[in-house]
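Understanding the architecture of this molecule
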Amino acid sequence: MSAKTVLLIEHEASIREILHTCLSEFGGWRVTLCSSIREGVNLCETIHPDVILLDTSTFEVDALIFIEQLKLLSTAQSIPILLISARANWFTPGQLYQMGFAGAITKPFNPSIVSTQISGLLGWNDKHS
């Protein structure tokens, strides 16, 4: 089976690079990086990822508008969105679902198991499926 494609939207360059390495090396996935939600909306329309990993803490002026656009694209294309945030553990799975997220990864995350966490949240049985 072909490798999963992850669209990673993370404004912090160092975390973006760490996640890229973790997901591509440990997960075996193709990872497309972007630093803004606006850019993520545009990329989502062209790359059709298997999952969107989104950090919502950003300095973008129109972040909420772009998050809603991303959720609409996600729903239309059946692409789950996972929240990655220091505040992720503030929410129950039900609350995350109501907000349009398939699940969440809490920062700080463990680089050696983050791909396994994502697989578990999405029901991907094996890291290369």
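Residues numbered from 1 in each chain as written. Predicted model: local features only at pLDDT ≥ 70, side-chain atom pairs only at ≥ 80, totals over all residues. Heavy atoms only, no water.

Per an unreviewed UniProt entry, the recorded name for the protein is Response regulator, and the organism is Leptolyngbya sp. NK1-12.

A few words on helix 5 (residues 114-122). Looking only at helix 5, the buried set comprises V114, S115, I118, S119 and L122. The buried residues of helix 5 all sit within an arc of 140° when viewed along its axis, so they share a single face. In helix 5, the exposed positions angled more than 90 degrees off the buried face are occupied by T116 and G120. Buried positions along helix 5 lie against helix 1 (13-26), strand 3 (51-54), strand 4 (81-85) and strand 5 (103-106). A positive phi of about 75° marks G123, the residue just after helix 5. (Buried < 20%, exposed > 50% of the residue type's maximum accessible area, 1.4 Å probe, protein only. Helix = DSSP H or I, 4+ residues; strand = E, 2+ residues; numbered from the N terminus. Arc of directions from axis to C-beta. Contact = heavy atoms within 4.5 Å.)

For the rest of this paragraph, the subject is the environment of A3. Here A3 is to be found in the segment before strand 1 (5-9). Assessed through its relative accessible area of 23%, A3 is described here as partly exposed. As a C-alpha pair, A3 and G28 span 25 residues in sequence and 6.6 Å in three-dimensional space. What A3 contacts, discounting residues up to four positions off in sequence, is G28, W29, R30 and D50.

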